[in-house]
Amino acid sequence: MVACRAIGILSRFSAFRILRSRGYICRNFTGSSALLTRTHINYGVKGDVAVVRINSPNSKVNTLSKELHSEFTEVMNEIWASDQIRSAVLISSKPGCFIAGADINMLSACKTLQEVTQLSQEAQRILEKLEKSPKPVVAAINGSCLGGGLEVGVPAALDMMLTGRNIRADRAKKMGLVDQLVEPLGPGLKPPEERTMEYLEEVAITFAKGLADKKISPKRDKGLVETFYFTELTAYAMTIPFVRQQVYKKVEEKVRKQTKGLYPAPLKIIDVVKTGIEQGSDAGYLSESQKFGELIMTKESKALMGLYHGQVLCKKNKFGAPQKDVKHLAILGAGLMGAGIAQVSVDKGLKTILKDATLTGLDRGQQQVFRGLNDKVKKKALTSFERDSIFSNLTGQLDYQGFEKADMVIEAVFEDLSLKHRVLKEVEAVIPDHCIFASNTSALPISEIAAVSKRPEKVIGMHYFSPVDKMQLLEIITTEKTSRDTSASAVAVGLKQGKVIIVVKDGPGFYTTRCLAPMMSEVIRILQEGVDPKKLDSLTTSFGFPVGAATLVDEVGVDVAKHVAEDLGKVFGERFGGGNPELLTQMVSKGFLGRKSGKGFYIYQEGVKRKDLNSDMDSILASLKLPPNSEVSSDEDIQFRLVTRFVNEAVMCLQEGILATPAEGDIGAVFGLGFPPCLGGPFRFVDLYGAQKIVDRLKKYEAAYGKQFTPCQLLADHANSPNKKFYQ
Amino acid sequence: MTTILAYPFKNLPTTSKWALRFAIRPLSCSSQLRAAPAVQTKTKKTLAKPNIRNVVVVDGVRTPFLLSGTSYKDLMPHDLARAALTGLLHRTSVPKEVVDYIIFGTVIQEVKTSNVAREAALGAGFSDKTPAHTVTMACISANQAMTTGVGLIASGQCDVIVAGGVELMSDVPIRHSRKMRKLMLDLNKAKSMGQRLSLISKFRLNFLAPELPAVAEFSTSETMGHSADRLAAAFAVSRLEQDEYALRSHSLAKKAQDEGLLSDIVPFKVPGKDTVTKDNGIRPSSLEQMAKLKPAFIKPYGTVTAANSSFLTDGASAILIMAEEKALAMGYKPKAYLRDFMYVSQDPKDQLLLGPTYATPKVLEKAGLTMNDIDAFEFHEAFSGQILANFKAMDSDWFAENYMGRKTKVGLPPLEKFNNWGGSLSLGHPFGATGCRLVMAAANRLRKEGGQYGLVAACAAGGQGHAMIVEAYPK
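Residues numbered from 1 in each chain as written. Chains lettered and ligands numbered in written order. Predicted model: local features only at pLDDT ≥ 70, side-chain atom pairs only at ≥ 80, totals over all residues. Heavy atoms only, no water.

**Comments concerning the interface of chain B and chain A**
Piece 1. Taken together, the contact pairs 18 residues of chain B with 19 residues of chain A.
Piece 2. Regarding the contact of chain B and chain A, the summed buried area is about 1,700 Å², with carbon and sulfur atoms giving 62% of it.
Piece 3. It is B:Ala234, B:Tyr301 and B:Trp398 in chain B that bury the most area against chain A; as a group they hold 34% of the surface buried on that side.
Piece 4. Linking chain B with chain A are zero salt bridges.
Piece 5. Among the secondary structure elements, those contributing two or more residues to the side of chain B that touches chain A are helix H8 (224-234) and helix H14 (397-403) of chain B.
Piece 6. Examining the composition of the side of chain B that touches chain A, we find that five residues originate from one element, H8(B), more than from any other.
Piece 7. The residue inventory of the side of chain B that touches chain A, partitioned by class, reads 10 nonpolar, four polar and four charged. (Contact = heavy atoms within 4.5 Å. Buried area = accessible area lost by both parts, 1.4 Å probe. Salt bridge = Lys/Arg side-chain N within 4 Å of Asp/Glu carboxyl O. Helix = DSSP H or I, 4+ residues; strand = E, 2+ residues; numbered from the N terminus. Nonpolar A, V, L, I, M, F, W, Y, C, P; charged D, E, K, R; others polar.)

**Quick word on the UniProt feature "domain: 3-hydroxyacyl-CoA dehydrogenase NAD binding" (unreviewed entry) in chain A**
Piece 1. UniProt's feature table lists "domain: 3-hydroxyacyl-CoA dehydrogenase NAD binding" (unreviewed entry) at residues 329-506 of chain A, given in the numbering used throughout.
Piece 2. Strand forms 22% of residues 329-506 of chain A and helix 40%; the C-alpha atoms that close the span are 23 Å apart. (UniProt positions renumbered as here; feature names shortened; annotations may be inferred.)

**Concerning the layout of surface pockets**
Empty space left among the atoms is revealed by rolling a probe the size of a water molecule over them.
Piece 1. Within this model, the second largest pocket holds a volume of roughly 1,200 Å³.
Piece 2. Lining of the second largest pocket is provided by 37 residues; of these, B:Ile108, B:Pro213, B:Ala214, B:Val215 and B:Ala216 occupy positions nearest its centre. (1 Å grid on protein atoms, 1.4 Å probe; cavity = no way out; pocket = protein on both sides within 12 Å on 5 of 7 lines; lining within 4 Å. Points joined across faces, edges and corners; volume = space filled by probe spheres on them.)

**A short note on a nonpolar patch on the surface**
Piece 1. A contiguous nonpolar surface patch, about 320 Å² in accessible area, is contributed by B:Met193, B:Leu197 and B:Ile200.
Piece 2. Note on placement: B:Ile200 falls in helix H7 (residues 193-201). (Patch = residues over 30% accessible without salt bridge, like charges linked within 9 Å, V, L, I, M, F, W, Y side chains within 5 Å. Areas by Shrake-Rupley, 256 points an atom, 1.4 Å probe, with all protein chains shown as cover.)

**So, the sheet that holds strand S10 (residues 351-355) of chain A**
All names here are of chain A.
Piece 1. Within the open sheet, the eight strands sit side by side as S11-S10-S9-S12-S13-S14-S15-S16. Their pairing is mixed. Lying at the two open borders of the sheet, with one neighbouring strand each, are strand S11 (394-397) and strand S16 (500-505). Averaged over all pairs of adjacent strands, the angle between their axes in this sheet comes to 25°, without regard to strand direction. (Pairing = 2+ DSSP bridges. Axes fitted to C-alpha atoms, helices over the stretch in contact; angles between N-to-C directions.)

**Some words on the pairing of strand S1 (residues 55-62) of chain B**
Residue and element names in this part refer to chain B.
Piece 1. Counting buried residues along S1, eight of its eight residues qualify, which places the element largely inside the surrounding structure.
Piece 2. Two strands pair when backbone bridges link them, and S1 and strand S8 (residues 313-323) are joined in this way by seven bridges, in the antiparallel orientation. Bridge pairing in S8 places Val61 opposite Ala318.
Piece 3. By the bridge criterion, two bridges tie S1 to strand S9 (residues 336-345) in an arrangement that is antiparallel. Its bridge partner being in S9, Val56 is matched across the sheet by Tyr337. (Buried < 20%, exposed > 50% of the residue type's maximum accessible area, 1.4 Å probe, protein only.)

Quick look at the structure:
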């Protein structure tokens, strides 16, 4: 019998913590000392219902840690042993978070496979007990309930196990994951979050009593998988071995296609479920814990955990709180970037001016913001009313009216230094003294832009990535003169916009563009050597890049790529050589600007998903054709030519002090440029793959092509002393 | 108990020996009585303001309020409004030609009579030279009609105003879907057969799905009952408390009905049916019966049920208001003054129904009165849970400090002065008409029970609220 039930709550975010005391009897069955020593879990008894509160100390979220496991086991055993208690409610003391999942720190602390396996088995045991609990257990969930938390709250569904999706409460109800929804309450006699938690508890207690008294019948009394994933009919079909084999095969195929075999976890999950169904649940559990242990020990797991830690780091403002909160934002240029920045600002409540030079440009930009919001309405993430009130934060205009109130101006005009200089001067004439001028440029050095400024300490670079509403990264560029408060303000705005932020020093191409440029140069070279764009795309995606290299050029825009290649080529010379930029020049002259013009390496048509190669490219490619060097042109070599140039340049950025930490470098590469997440970023990749191996490869390519492959000093140092790691 | 006993005497001046004599007696009975404001004088003798015309209520009437779908179900809104108007003419014998202006409130508009005030006035035989307009402000539409009239009189634009409200929930406009409407409008414009045929070919069966008028907030898509249930939960109002309060409302309404206190009702001969003489929604039940009901909005654990909510109602009301000197010149003995009033608004999601809490202290402060000065409270009862949540909010220092910007709580209206003749829960709540009923109940109660000041307050969709001071006209 699955006695576990869940009551969800439409979550609302807040850091308010509940202090509770009144209204229930605190009881403890093993003596008061145990109660005092419990730090993660405590429980009280209301009538015949035990209310178990989960509260990881000194943390915003509850995670499944060793301590929590053992205390939970203790508490549940007491509850099962007690005669007075007939049912139990599990609830978090933290509004907005039930259990966020396993404690990553706990997992990273595990040195051996056995340790993890053991942890996993402990968790299984208690979950199994929960599932077989003779007394009804109701999970009252407010906010995030992910991973292992979901297993505690609601026995998990197969679909969720595989993709790790976040499901909104109302959808969870529809999927049958939770039984009842409690809507958040407004202000009453206590802060809303506090009262909402109380109310959730009250409802859960009533529900638990109802279950214990058999007034409410547990409808979901089937086995784990059957209940949640399969309907009655398919459940029957699953009893036939042949059908089962077909299902496994199908699921496996689909997973392989989606992950390209780069992420081991989904396939292992299928294995485990298979074992569970074919050989019984005990074997399934055993296999689960072993596979879990194996997974934790993989490179992929280390890489992803590293990214998690890096992301946490990049979600903090290391400059502290700015003196003045930015409330009024102005954006210059309503193009793709400008409108995108506007979109992620208005929905966070920033009053935003979107200024463009022409009405057509402005119209397009405003429509982009509206469409972005309206898409959310279609997905039911917003109501039409919320959309309208968010949209009213946006003012579209052609003049500088209202700039006297702006706290920050972000310019996103065309990448042309003289134009940037002109708008900077125009803007400085109308903005107040405290106002920050941020430039969204992907390659122009900020200090050059700031050269004409009356107040260079207020000038900073904020490099967003396209599409702004989807790409999480924001690269903030500080010059020598940028003041600390200006940086603090820019980071605060970026965090408000929901961005993951890396802060880098000024220089041509900063960090991200600079890493990408040599790789792009190599892309051109490879294409010149006769590799078909489709083949190149499949080589890069199978290496773990989310977007193929040729497609990436089309997405970024061929003209932008040309601009960057020329600018950086001038500065870095040979190191950025390899491909012939003439390819890009010819493409631009023919109007093949990539997706935005409908043609690039591929042909793009509205409403057509299939991408065809642009056959007009053949003549351009033919005219620039170079003979491939068969020694370094295997599929793997092609992949590594691209990746090693990227990695080499990234390490160079750290060496030159453009980057402050390797962690920021990894976050920037993964979240901004799509560096394969399974590799964890260029620095993690060097650590896990081995600096020596990378240097060897570089040297091999150097021999074949020249200086663009010369390993940088820092990388060479790491290769020479194997103990040196970017992450200790 | 004691305060009820003390009622008739407390308005007398302290110097009156008669009052003192009575006041001493309870003092000797129990210490608790000392607190009773038996001989307390009003903070203010009257609310008349220099250089502003006094506005008086000559009288007001209403049709009986009926559950929708009963005797009024075949009428149109202007029929009900007309009945209230002719009833008012009959009751006050006011010559039609002296009425300067007519204002009515309504919520769900019948599209054929969108200015229902004008249609009803014409039908009731008012001069076609008397302009009329219709206002809408959800459940405080009639309040808005009255205060609009007060403004017209106070500013010297008019002397005599008829204000009122009407709602007919038995029939509501149910529309074709937007797609269907668009198709029909396009068909209208189509010039050739070919165009028409190509338009008709676009027709799909789902175009026929009708669009019902929602009793939901447009901004939040939440129905009012759902919001009321959340509000009750936020203030920890129990199901039992709500049922008890609803029972009180029904019992008091029944008592008032039996004792003939609901004198604002005018009988209405419904064409083709019997004359309707009294409200038909008053049904005192028992707590046991009420406890059996399932929650109506938040299932299965909500607390708002059909029994502790106001029901869909048909009804109309009308009130004759004049400049005081005009009324006196015409030989009327007015019933009450309409004094300070206040409109408030707040968050339509979480504080949808808290209007009375916000409006009450503001209107009292504006008038220079305190809660103790009020002898008759007439609050609109949308839901038991709403009234009780407002009570808890008014009684909470925490709420006052955190949400109202006040240092101390508003204070609780004493229950023995509160909706003594029933309320919207029992009498019914025709959205557009309730405001006039509240004012007449306050005025009539002050005359009957004694006392000088009445306070009318109501919440409304959109998170709005209203409060007004009604001062008894000296006898």
